[in-house]
Amino acid sequence: MISVYMDNIIILGFKASIDSVGDILNKINSIKQDGEIIQLLNAESIVSKNHIIHGVNQAFLAFNRGENLANDISVEIVLRCSAQRQISKAFKMLGLKEGEMNLCAVLINSNDYTNELSSMFNLDNNVLIPNEKNLMEIYDINDVETQMMSLEEVIIDRITKLTVDY
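As a starting point, this report considers the structure included with it. Quantities reported herein were computed from a predicted structural model and do not represent experimental measurements.

Summarising the element assignment, D140 is placed in the loop between α6 (132-138) and α7 (143-148). Since its relative accessible area comes to 63%, D140 is described here as exposed. Distance from D140 to C104, taken between C-alpha atoms, is 21 Å for residues 36 residues apart in sequence. Setting aside chain neighbours within four positions, we find D140 in contact with E145 and R158.

Pasting the structure below:
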(Lines give C-alpha, C1' and ligand atoms only; values in the text may rest on other atoms or scores of the structure.)
Protein backbone atom coordinates (compact mmCIF):
# COMPACT_ATOMS: atom_id res chain seq x y z
CA MET A 1 0.00 0.00 0.00
CA ILE A 2 1.38 3.39 -0.90
CA SER A 3 1.57 6.19 1.59
CA VAL A 4 -1.40 8.27 0.50
CA TYR A 5 -0.44 11.61 1.91
CA MET A 6 1.91 14.24 0.57
CA ASP A 7 4.57 15.17 3.08
CA ASN A 8 6.76 17.36 0.88
CA ILE A 9 7.19 18.29 -2.75
CA ILE A 10 10.15 19.62 -4.71
CA ILE A 11 9.65 20.90 -8.27
CA LEU A 12 12.66 21.35 -10.56
CA GLY A 13 13.17 22.22 -14.23
CA PHE A 14 15.68 20.52 -16.54
CA LYS A 15 16.74 20.52 -20.17
CA ALA A 16 17.12 16.93 -21.30
CA SER A 17 18.30 14.89 -24.21
CA ILE A 18 16.59 11.52 -23.99
CA ASP A 19 17.90 8.59 -26.02
CA SER A 20 15.63 6.02 -24.39
CA VAL A 21 12.62 6.73 -22.18
CA GLY A 22 12.94 3.24 -20.67
CA ASP A 23 16.59 3.82 -19.72
CA ILE A 24 15.72 7.16 -18.09
CA LEU A 25 12.90 5.58 -16.08
CA ASN A 26 15.22 2.77 -14.96
CA LYS A 27 17.83 5.32 -13.81
CA ILE A 28 15.17 7.28 -11.92
CA ASN A 29 13.92 4.09 -10.24
CA SER A 30 17.47 3.17 -9.23
CA ILE A 31 18.10 6.43 -7.31
CA LYS A 32 14.84 6.73 -5.36
CA GLN A 33 14.05 4.75 -2.24
CA ASP A 34 10.85 2.82 -1.47
CA GLY A 35 7.91 5.16 -0.92
CA GLU A 36 9.58 8.06 -2.73
CA ILE A 37 8.11 9.41 -5.95
CA ILE A 38 10.12 11.06 -8.70
CA GLN A 39 7.75 11.98 -11.51
CA LEU A 40 9.12 13.46 -14.73
CA LEU A 41 6.71 15.54 -16.79
CA ASN A 42 6.90 17.48 -20.03
CA ALA A 43 7.53 21.05 -18.80
CA GLU A 44 5.93 22.47 -21.96
CA SER A 45 2.53 21.36 -20.58
CA ILE A 46 2.98 22.94 -17.14
CA VAL A 47 1.53 26.37 -16.37
CA SER A 48 2.96 26.81 -12.85
CA LYS A 49 4.17 25.15 -9.67
CA ASN A 50 0.63 25.63 -8.31
CA HIS A 51 -0.61 23.55 -11.25
CA ILE A 52 1.69 20.68 -10.23
CA ILE A 53 0.97 20.99 -6.50
CA HIS A 54 -2.79 20.96 -7.15
CA GLY A 55 -2.56 17.97 -9.52
CA VAL A 56 -0.40 15.99 -7.08
CA ASN A 57 -2.68 16.85 -4.17
CA GLN A 58 -5.76 15.78 -6.16
CA ALA A 59 -4.04 12.48 -7.06
CA PHE A 60 -3.34 11.72 -3.39
CA LEU A 61 -6.87 12.76 -2.37
CA ALA A 62 -8.33 10.49 -5.08
CA PHE A 63 -6.37 7.53 -3.70
CA ASN A 64 -7.51 8.35 -0.16
CA ARG A 65 -11.16 8.41 -1.28
CA GLY A 66 -10.82 5.33 -3.48
CA GLU A 67 -11.69 7.47 -6.52
CA ASN A 68 -8.38 7.04 -8.32
CA LEU A 69 -8.55 6.59 -12.08
CA ALA A 70 -5.24 4.66 -12.21
CA ASN A 71 -3.80 1.86 -10.07
CA ASP A 72 -0.43 3.61 -9.72
CA ILE A 73 0.05 6.94 -7.92
CA SER A 74 2.56 8.13 -10.54
CA VAL A 75 0.07 7.52 -13.36
CA GLU A 76 -2.65 9.20 -11.27
CA ILE A 77 -0.39 12.25 -10.92
CA VAL A 78 0.00 12.43 -14.71
CA LEU A 79 -3.77 12.08 -15.18
CA ARG A 80 -4.60 14.76 -12.63
CA CYS A 81 -1.92 17.22 -13.79
CA SER A 82 -3.12 16.81 -17.39
CA ALA A 83 -6.79 17.21 -16.36
CA GLN A 84 -7.49 14.08 -18.41
CA ARG A 85 -9.27 10.79 -17.69
CA GLN A 86 -7.58 8.83 -20.48
CA ILE A 87 -4.06 7.64 -19.73
CA SER A 88 -3.00 7.80 -23.40
CA LYS A 89 -4.07 11.46 -23.70
CA ALA A 90 -2.43 12.32 -20.38
CA PHE A 91 0.91 10.81 -21.40
CA LYS A 92 0.70 12.46 -24.83
CA MET A 93 0.47 15.81 -23.03
CA LEU A 94 2.83 15.28 -20.10
CA GLY A 95 4.86 12.16 -20.87
CA LEU A 96 8.52 11.79 -21.78
CA LYS A 97 9.66 11.68 -25.38
CA GLU A 98 12.91 10.68 -27.00
CA GLY A 99 15.02 13.62 -28.14
CA GLU A 100 15.45 17.11 -26.72
CA MET A 101 12.81 18.16 -24.23
CA ASN A 102 12.19 20.33 -21.21
CA LEU A 103 11.40 18.40 -18.05
CA CYS A 104 9.58 19.20 -14.86
CA ALA A 105 10.84 16.86 -12.13
CA VAL A 106 8.45 16.42 -9.21
CA LEU A 107 9.91 14.82 -6.09
CA ILE A 108 7.27 13.78 -3.57
CA ASN A 109 7.89 12.41 -0.06
CA SER A 110 11.46 12.18 -1.25
CA ASN A 111 15.02 13.12 -0.47
CA ASP A 112 16.41 15.99 -2.53
CA TYR A 113 17.90 14.31 -5.60
CA THR A 114 18.83 17.56 -7.37
CA ASN A 115 22.48 16.48 -7.72
CA GLU A 116 21.61 13.02 -9.07
CA LEU A 117 19.10 14.46 -11.54
CA SER A 118 21.60 17.18 -12.53
CA SER A 119 24.07 14.46 -13.49
CA MET A 120 21.45 13.10 -15.93
CA PHE A 121 19.95 16.41 -17.16
CA ASN A 122 20.85 20.11 -17.19
CA LEU A 123 19.20 21.95 -14.29
CA ASP A 124 17.31 24.94 -15.72
CA ASN A 125 14.27 26.22 -13.86
CA ASN A 126 13.60 28.62 -16.76
CA VAL A 127 11.93 25.69 -18.56
CA LEU A 128 9.12 26.11 -16.01
CA ILE A 129 8.23 29.56 -17.42
CA PRO A 130 4.96 28.92 -19.26
CA ASN A 131 4.34 29.58 -22.94
CA GLU A 132 0.69 30.62 -22.68
CA LYS A 133 -0.07 30.30 -26.41
CA ASN A 134 1.23 26.70 -26.44
CA LEU A 135 -0.62 25.85 -23.24
CA MET A 136 -3.90 27.15 -24.67
CA GLU A 137 -3.43 24.76 -27.62
CA ILE A 138 -2.33 21.80 -25.47
CA TYR A 139 -5.31 22.16 -23.11
CA ASP A 140 -7.74 23.40 -25.81
CA ILE A 141 -8.46 26.61 -23.91
CA ASN A 142 -10.19 29.46 -25.72
CA ASP A 143 -9.93 33.22 -25.26
CA VAL A 144 -13.34 33.41 -23.58
CA GLU A 145 -12.11 31.17 -20.75
CA THR A 146 -8.97 33.27 -20.22
CA GLN A 147 -11.03 36.48 -20.12
CA MET A 148 -12.78 35.13 -17.02
CA MET A 149 -9.86 33.38 -15.31
CA SER A 150 -6.09 33.21 -15.63
CA LEU A 151 -4.65 30.29 -17.59
CA GLU A 152 -3.45 28.78 -14.31
CA GLU A 153 -6.97 29.05 -12.83
CA VAL A 154 -8.54 27.43 -15.93
CA ILE A 155 -6.19 24.42 -15.74
CA ILE A 156 -6.55 24.06 -11.96
CA ASP A 157 -10.34 24.28 -12.38
CA ARG A 158 -10.24 21.47 -14.94
CA ILE A 159 -8.15 19.32 -12.58
CA THR A 160 -10.70 19.92 -9.82
CA LYS A 161 -13.57 19.06 -12.17
CA LEU A 162 -12.09 15.57 -12.69
CA THR A 163 -13.08 14.93 -9.07
CA VAL A 164 -16.49 16.58 -9.34
CA ASP A 165 -17.30 14.67 -12.55
CA TYR A 166 -16.21 11.36 -11.01
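Packing of helix α3 (residues 73-82) against helix α4 (residues 87-94) leaves a shortest axis separation of 9 Å and a crossing angle of 75°. When the interaxial angle is binned, α3 and α4 end up roughly perpendicular. Of the residues in α4, those touching α3 at V75, V78, L79, C81 and S82 are I87, A90, F91, M93 and L94. Here the residues of the contact of α3 with α4 sort into nine nonpolar, one polar and no charged.

Positionally, K97 belongs in the loop between α4 and β3 (99-108). Expressed as a C-alpha distance, the spacing of K97 and D19, which sit 78 residues apart in the sequence, is 8.8 Å.

Counting 35 residues, the largest nonpolar core has L41, I52, I77, L94 and C104 as its most contacted members. Elements with a minimum of two residues in this core: β2 (37-42), α2 (49-65), α3, α4, β3, α6 and α8 (151-164). Of the residues forming this core, the biggest block, six residues, is contributed by α3. Filtering out sequence-adjacent residues up to four positions away, I52 remains in contact with I9, I11, L41, I46, C81, C104 and V106. A16, L96, L107 and L117 belong to the second largest nonpolar core, which has 16 residues in total.

It is worth spelling out the packing of α2 against α3 at this point. For the pair α2 and α3, interaxial distance at closest approach is 8 Å and the crossing angle is 130°. Looking at the two axes, α2 sits oblique to α3. When you trace α2 past α3, the crossing you get is right-handed. When α2 is examined against α3, the residues H51, I52, G55, V56, Q58, A59, F60, A62 and F63 are found in contact with a partner set consisting of I73, E76, I77, R80 and C81. Classifying every residue of the contact of α2 with α3 by side-chain character gives nine nonpolar, three polar and two charged.

What counts, and where the lines are drawn
- Residues numbered from 1 in each chain as written.
- Predicted model: local features only at pLDDT ≥ 70, side-chain atom pairs only at ≥ 80, totals over all residues.
- Heavy atoms only, no water.
- Helix = DSSP H or I, 4+ residues; strand = E, 2+ residues; numbered from the N terminus.
- Buried < 20%, exposed > 50% of the residue type's maximum accessible area, 1.4 Å probe, protein only.
- Contact = heavy atoms within 4.5 Å.
- Axes fitted to C-alpha atoms, helices over the stretch in contact; angles between N-to-C directions.
- Parallel < 35°, antiparallel > 145°, perpendicular 65-115°, else oblique.
- Nonpolar A, V, L, I, M, F, W, Y, C, P; charged D, E, K, R; others polar.
- Core = buried A, V, L, I, M, F, W, Y, C linked by side-chain atoms within 4.5 Å.
- Left-handed = near helix turned anticlockwise from the far one by under 90°.

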